[in-house]
Amino acid sequence: MSSENSSADDVQRVWDVVVVGAGPAGASAAYAAAVAGRSVLLLEKAELPRYKTCGGGIIGPSRDALPPGFELPFKDRVHAVTFSLDGRYSRTRKSKQMLFGLINRPEFDQQLVEHAQKAGAELRTGVTVTRVEQHGSAVPDRRTVAVVLQGGETLLARAVVGADGSASRIGAHVGVKLDQVDLGLEAEIPVPETVAEDWKGRVLIDWGPMPGSYGWVFPKGDTLTVGVISARGEGAATKRYLEDFIGRLGLAGFEPSVSSGHLTRCRADDSPLSRGRVLVCGDAAGLLEPWTREGISFALRSGRLAGEWAVRIAEAHDAVDTRRQALNYAFAVKAGLGVEMSVGKRLLIAFERRPGLFHAALTGFRPAWRAFVDITRGSTSLGEIVRTHPIAQRALTAFDR
């Protein structure tokens, strides 16, 4: 706005918190900030509900991070896991208790956004953020961030949360550094009732042919979500793995309703989580578990922390206080999710070298299966197991060598 419009400038609304991206991380951040009584604007470039490439497994830590009263829209509840090693040595393990639930992302994400709205957040869809500015003519003072939209409109906020996914604009502004990029390919395959019945309550995990790769089948009523993931740069081999995997499962004759691909990106250890009054969370921050590439629980948990700390940053009166709150946010993320990521990274390196050993352990060694059950149910975490079980510590150290 030009100086002639300074009277209009004076009345332009300043939001306490603007959240960019309405996936699980952004919706959680918006919810947390709105529950604290702040004015919150949630921006999303798509129209909701929208499709996302994602297995849709909701493990214990995800469930525990949901807003109170959230009813999970489960398509299935998993009580059995079939493990195979590139299609061979298949073995099914069962659990009396539910291991985890399966959702479809469009309705799950939509429901999270509705919870944020009920808490008082305002939603705008169909808007693309081109950049954020913390200095310069668009910013009236040092306590304000300008969020510039495609088309030139500028919004003002006391704090901004970037939750705009793995190709994040806000992540670029913060300077997020990534050190592991993987390609996930997925097909949603509608199947006849007889086939659906065979998969009910059971998932399949296949340790794949390329280092660090694996495939999955997640049943969701009359549709199977079938996917594979592997290091980026192996595009043709990853595509072939998915085709072989679908063929081996006897599903090649069914036409997928959706086929999609997605890059997942893990942060480097020294990657920043904030810059000035801007925080990043979820995929935008490169927060996911490096071995399984599980991201929903990381999005929900980091989103909630980002929302809570954005409230404190919005209240900060100077750069020193802002920096202190941003460092507290980074500390909170690293103390919990960061520890899980570092253990996951060590597991990935070991798994890349010896997938057969992982398969043998999960199918034939009771403590390994027990750990899998406890982690997926949320009664412990990777970090916790390594900290409290000498045998796990020794195994990881042996793997590291």
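Residues numbered from 1 in each chain as written. Predicted model: local features only at pLDDT ≥ 70, side-chain atom pairs only at ≥ 80, totals over all residues. Heavy atoms only, no water.

K.L.:
So what's going on with the pairing of strand β12 (residues 178–190)? Which residues, and what values?
P.N.:
Of all the 13 residues making up β12, 10 are buried; the element is thus mostly covered by neighbouring parts of the structure. Bridge count for β12 against strand β16 (residues 258–267) is 10 bridges, and the pairing is antiparallel. In the sheet register, Gln180 faces β16, and the bridge partner there is Cys266. Pairing analysis gives nine bridges linking β12 to strand β15 (residues 223–231), with the strands arranged antiparallel. Bridge assignment links Pro190 to a residue of β15, and that residue is Thr223. (Buried < 20%, exposed > 50% of the residue type's maximum accessible area, 1.4 Å probe, protein only. Helix = DSSP H or I, 4+ residues; strand = E, 2+ residues; numbered from the N terminus. Pairing = 2+ DSSP bridges.)

K.L.:
Please give an account of the environment of Lys75 that cites residues and values.
P.N.:
Within the element layout of this structure, Lys75 appears in the loop between α3 (60–64) and β4 (76–78). C-alpha separation for the pair Lys75 and Trp15, spaced 60 residues apart in sequence, amounts to 37 Å. The contacts of Lys75, once residues within four sequence positions are left out, are Leu102, Asn104, Glu107, Lys220 and Gly221. (Contact = heavy atoms within 4.5 Å.)

K.L.:
Tell me what's going on with the environment of Phe70, and back it up with residues and numbers.
P.N.:
Within the secondary structure, Phe70 sits in the loop between α3 and β4. Owing to a relative accessible area of 11%, Phe70 belongs among the buried residues under this scheme. Leaving out residues up to four positions away in the same chain, Phe70 has contacts with Phe108, Gln111, Leu112 and His115.

K.L.:
Let's hear about helix α7 (residues 235–248): which residues, and what values?
P.N.:
With 14 residues, α7 should reach 20 Å at 1.5 Å per residue; the first-to-last C-alpha distance of 20 Å fits that figure. Regarding α7, the residues found buried are Ala237, Thr238, Tyr241, Leu242, Phe245 and Ile246. Downstream of α7 by a residue or two, Gly250 has a phi angle that is positive, lying close to 75°. (Expected span 1.5 Å × (residues − 1).)

K.L.:
Tell me about the sheet that holds strand β5 (residues 80–85), residues and numbers included.
P.N.:
In space, the seven strands of this open sheet follow the order β6-β5-β13-β14-β15-β12-β16, with mixed pairing throughout. A strand with exactly one partner marks an edge of an open sheet, and here the two such strands are β6 (88–94) and β16. Each adjacent strand pair in this sheet contributes to an overall mean axis angle of 20°, direction not counted. (Axes fitted to C-alpha atoms, helices over the stretch in contact; angles between N-to-C directions.)

K.L.:
Describe in detail the pattern of salt bridges, supporting the description with residues and values.
P.N.:
This structure, assessed with the given rule, holds 18 salt bridges. Here Arg387 makes a salt bridge to Glu384, at a shortest N to O gap of 2.6 Å. You can see Arg387 and its partner Glu384 sitting in helix α12 (residues 382–388), three residues apart, about one turn around the helix. Here Glu384 falls in the partly exposed class, since its relative accessible area comes to 30%. Overlapping salt bridges, with partners in common, bring together Arg50, Arg105 and Asp109 in one network. (Salt bridge = Lys/Arg side-chain N within 4 Å of Asp/Glu carboxyl O.)

K.L.:
Residue-level account of unusual backbone geometry, with values.
P.N.:
The peptide bond linking Leu48 to Pro49 adopts the cis configuration, its omega dihedral lying at -10°. Looking at the secondary structure, you find Pro49 in the loop between β2 (40–44) and β3 (57–58). One non-glycine residue with positive phi stands out, namely Tyr89, at about 50°. Following the sequence through the fold, Tyr89 ends up in strand β6. The exposed category is assigned to Tyr89, whose relative accessible area is 58%. The phi torsion at Arg293 lies on the positive side, around 60°, for a residue other than glycine. Tracing the chain through its elements places Arg293 in the loop between β18 (278–280) and α8 (296–315).

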